[in-house]
Amino acid sequence: MSSVQTPDPNPGWLSEEELHQIRQRLPILYVEAVPVRTDGMGIVTEVGVLLRASPEGSMSRMLVSGRVMYGESLRTALFRHLEKDLGPMAFPQLPPSPVPFQVAEYFPLPGSSVYTDSRQHAVSLAYVVPVTGTCDPRQDALELTWLTPHQAASAEVADEMEGGRGALLRSALASVGALQ
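All of the points below concern the structure found in this document. The numbers attached to residues start from 1 for each chain and follow its sequence in the written order. Given that the model is predicted, a residue must reach a pLDDT of at least 70 before its local features are reported, and side-chain atom pairs must reach 80 or more before they are shown or counted; all residues, however, enter totals for whole chains, interfaces and linings. Only hydrogens and water are removed before side-chain values are computed, so all heavy atoms of the structure are retained for them.

Points about the layout of surface pockets
Now for step 1: Estimates place the volume of the largest pocket at around 890 Å³.
Now for step 2: Note on definitions: the grid is 1 Å and covers protein atoms alone; a cavity is a set of points where a 1.4 Å probe fits but cannot get out; a pocket is an open set with protein on both sides within 12 Å along at least five of seven lines; lining residues have an atom within 4 Å of a point. If you trace the largest pocket, you find 36 residues lining it, with Tyr 30, Arg 52, Ser 65, Arg 119 and Asp 140 closest to the centre.
Now for step 3: To qualify as a helix, a DSSP run of H or I must reach at least 4 residues; to qualify as a strand, a run of E must reach at least 2; elements of each kind are numbered from the N terminus. Listing elements by their share of the lining of the largest pocket, those giving two or more residues are α1 (16-23), β1 (28-38), β2 (44-53), β3 (59-62), β4 (64-67), α2 (74-86) and β6 (122-130).
Now for step 4: The dominant element in the lining of the largest pocket, judged by the number of residues it contributes, is α2, at 4 residues.
Now for step 5: Only Asp, Glu, Lys and Arg are considered charged, only Ala, Val, Leu, Ile, Met, Phe, Trp, Tyr, Cys and Pro nonpolar, and every remaining residue, Gly among them, polar. Here the residues of the lining of the largest pocket are counted per class, giving 11 nonpolar, 11 polar and 14 charged. Grid points are joined across faces, edges and corners, and a volume is the space filled by probe spheres set on the points.

In structure tokens:
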């Protein structure tokens, strides 16, 4: 009697156990996005930062982010995470080229980089993405706060972000000329 296995409908997903094991052995690829609103000239007027509560009850600010699945293009991963975190009516305007403004390398041990992630060694491709629609935060985000570029680059906002993402946010703003 032969057994026929049904193919996994989501072959890019890992179980929590598999993900934990892989995180201990390999860098994981992520995309991160800084959602922005722009004026008619393409100047950034507002920056979106998500607010989330951890399972322990602490609050922090975060950017749109998530893993790139096996076989998934960067564009598809970026769009998927923007829609997942901001809602289907956000209408992100993905860049014509998938070249990030920065590659951020997160290490599990503080001091190796300005970017840290206690769970893993991760490499993140970071993008600034204009959104034109209505944002309705989802998943573990409680709200999306729109800040001016000056507010978003402040030390107060950086202090509310984990793993050095405040530095990544300032780098994003610098990359689009929003820090004057």
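There's more to say after this.
Notes on the environment of Val 68
Now for step 1: Residue position: Val 68 is located in the loop between β4 and α2.
Now for step 2: For the pair formed by Val 68 and His 81, sequence separation is 13 residues and the distance between their alpha carbons is 9.4 Å.
Now for step 3: Two residues form a contact once any of their heavy atoms are found within 4.5 Å. If near-sequence neighbours (up to four positions away) are discounted, Val 68 is found in contact with Leu 29, Tyr 30, Val 31, Leu 74 and Ala 77.

A word on the nonpolar core
Now for step 1: In this structure, Val 34, Val 47, Leu 168 and Leu 169 are the most contacted members of the largest nonpolar core, which totals 24 residues.
Now for step 2: Setting aside residues up to four positions removed in sequence, Leu 168 forms contacts with Glu 32, Leu 63, Phe 101, Gln 102, Ala 104, Tyr 106, Tyr 115 and Ala 126.
Now for step 3: Judged by nonpolar contacts, the second largest core, of 18 residues, contains Val 64, Leu 125, Val 131 and Cys 135. Definition of nonpolar core: a set of buried residues of the types Ala, Val, Leu, Ile, Met, Phe, Trp, Tyr and Cys, connected through side-chain atoms within 4.5 Å. Classification of residues uses two cut-offs on accessible area relative to the type maximum, computed with a 1.4 Å probe and protein chains only: under 20% is buried, over 50% is exposed, and between them is partly exposed.

As for unusual backbone geometry
Now for step 1: At Phe 91, a position not held by glycine, the phi torsion is positive, near 50 degrees.
Now for step 2: In this fold, Phe 91 is placed in the loop between α2 and β5 (102-106).

Re empty space enclosed by the protein
Now for step 1: Enumeration according to the criterion identifies 1 cavity of 30 Å³ or more in this entry.
Now for step 2: When its volume is computed, the largest cavity comes out at roughly 30 Å³.
Now for step 3: Along the walls of the largest cavity sit Leu 74, Arg 75, Leu 78, Leu 94, Pro 95, Ser 97, Pro 98 and Tyr 127, which together make up its complete lining.
Now for step 4: Looking at the lining of the largest cavity, the element that brings in the most residues is α2, giving 3 residues.
Now for step 5: Of the residues that constitute the lining of the largest cavity, the class distribution is 6 nonpolar, 1 polar and 1 charged.

Concerning the packing of aromatic side chains
Now for step 1: Two aromatic rings from Phe, Tyr or Trp, using only the six-membered ring of Trp, form a pair when their centres are within 6.5 Å; if the ring planes differ by under 30 degrees the pair is stacked, by over 60 it is edge-to-face, and anything between is tilted. For the coordinates displayed, the defined rule picks out 1 aromatic pair.
Now for step 2: Between Tyr 106 and Tyr 115, the aromatic rings sit 5.3 Å apart at their centres with planes inclined by 50 degrees, giving tilted as the arrangement. In terms of burial, Tyr 106 and Tyr 115 fall into one category: buried.

Re the pattern of salt bridges
Now for step 1: By salt bridge we mean one thing: a side-chain nitrogen of Lys or Arg within 4 Å of a carboxyl oxygen of Asp or Glu. Scanning the entire structure with this criterion turns up 6 salt bridges.
Now for step 2: For Arg 80, the salt bridge identified is with Glu 72, shortest N-O distance 2.8 Å.
Now for step 3: Residue Glu 72 is classed as buried on the basis of its relative accessible area of 13%.
Now for step 4: Two residues, Asp 85 and Lys 84, come together in a salt bridge whose shortest N-O distance is 3.1 Å.

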